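Commentary on secondary and tertiary structure
If you want the building blocks of each chain, they are given just below.
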Amino acid sequence: SGFAPPTQHVLEKSEVAPSKLNMKLKDVYEPLLSFFRPMTCHRKDEQTLIPCHVGEGLNTTECLKNKCCPSKTGHELKCYMPFKDNMQLTFRLLVLVAGGFLILGCLPFCCCACLQR
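Right, let's walk through the structure included here. Remember, it's a predicted structure, so these values are computed and weren't measured experimentally.

Examining helix α3 (residues 86-116)
Every α-helix winds through 3.6 residues per turn, so residues three or four apart in the chain are directed the same way. Taking 1.5 Å of rise per residue, the 31 residues of α3 would be expected to cover 45 Å, and the 46 Å separating its terminal C-alpha atoms lies within 8% of that figure. The sharpest bend along α3 reaches about 30 degrees and sits at Leu 107, with the proline Pro 108 one to four residues further on.

Quick word on the layout of surface pockets
Empty pockets left among the atoms are what a rolling probe the size of a water molecule brings to light. Size it by volume and the largest pocket reaches roughly 470 Å³. Lining the largest pocket are 14 residues, with Ser 34, Arg 37, Met 39, Lys 67 and Pro 82 positioned closest to its centre. Among the secondary structure elements, those contributing two or more residues to the lining of the largest pocket are α1 (4-36) and β1 (39-40). Among the elements that make up the lining of the largest pocket, the one with the highest residue count is α1 (three residues). Residue classes in the lining of the largest pocket are distributed as seven nonpolar, four polar and three charged. For the second largest pocket, the calculated volume is near 210 Å³. For the lining of the second largest pocket, the per-class residue count stands at four nonpolar, three polar and three charged.

Details of the state of the cysteines
With the rule as written, the count across this model stands at three disulfides. Two residues share a disulfide in this structure: Cys 52 and Cys 68, whose sulfurs sit 1.6 Å from each other. Within this pair, whereas Cys 52 is found in the loop between β1 and α2 (60-65), its partner Cys 68 is found in the loop between α2 and β2 (69-70), the two being separated by 16 residues in sequence. On the accessibility criterion, Cys 52 (5% relative accessible area) is buried. Bonded cysteines in the chain are paired 1-5, 2-4, 3-6 when counted in the order they occur along the chain. The thiol of Cys 106 is not disulfide-bonded; the next cysteine sulfur, from Cys 110, is found 6.1 Å away. For Cys 111, which is in no disulfide, the shortest distance to another cysteine sulfur is to Cys 114 and amounts to 6.7 Å.

So, how was this worked out
- Residues numbered from 1 in each chain as written.
- Predicted model: local features only at pLDDT ≥ 70, side-chain atom pairs only at ≥ 80, totals over all residues.
- Heavy atoms only, no water.
- Helix = DSSP H or I, 4+ residues; strand = E, 2+ residues; numbered from the N terminus.
- Expected span 1.5 Å × (residues − 1).
- Bend = angle between axes of the 7 residues up to and from the residue.
- 1 Å grid on protein atoms, 1.4 Å probe; cavity = no way out; pocket = protein on both sides within 12 Å on 5 of 7 lines; lining within 4 Å.
- Points joined across faces, edges and corners; volume = space filled by probe spheres on them.
- Nonpolar A, V, L, I, M, F, W, Y, C, P; charged D, E, K, R; others polar.
- Disulfide = S-S within 2.5 Å.
- Buried < 20%, exposed > 50% of the residue type's maximum accessible area, 1.4 Å probe, protein only.

Pasting the structure below:
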């Protein structure tokens, strides 16, 4: 009977833990996703505007809070979805790969220096 309350307490904590874990994973996942899927509001001539799903009639602040792009011209949509930025993605991947090669290139020298001591 003395062991029953701690078991119940552990079960209650394990029920709460998945929601906290999901929030922590979401906090880690979102910046990682935004790093590998950069978006921009700069539109090229051939790109069509897609209305933002949060609704019409939004002002600039509400549009930006919902991760949408505010329109600068009056005749287009007031709030539209951002576009993929392939140039930014290429640059980020290039820097990431170059950094990886730099680390892998320096690793043997660091290991040799540590082993000689």
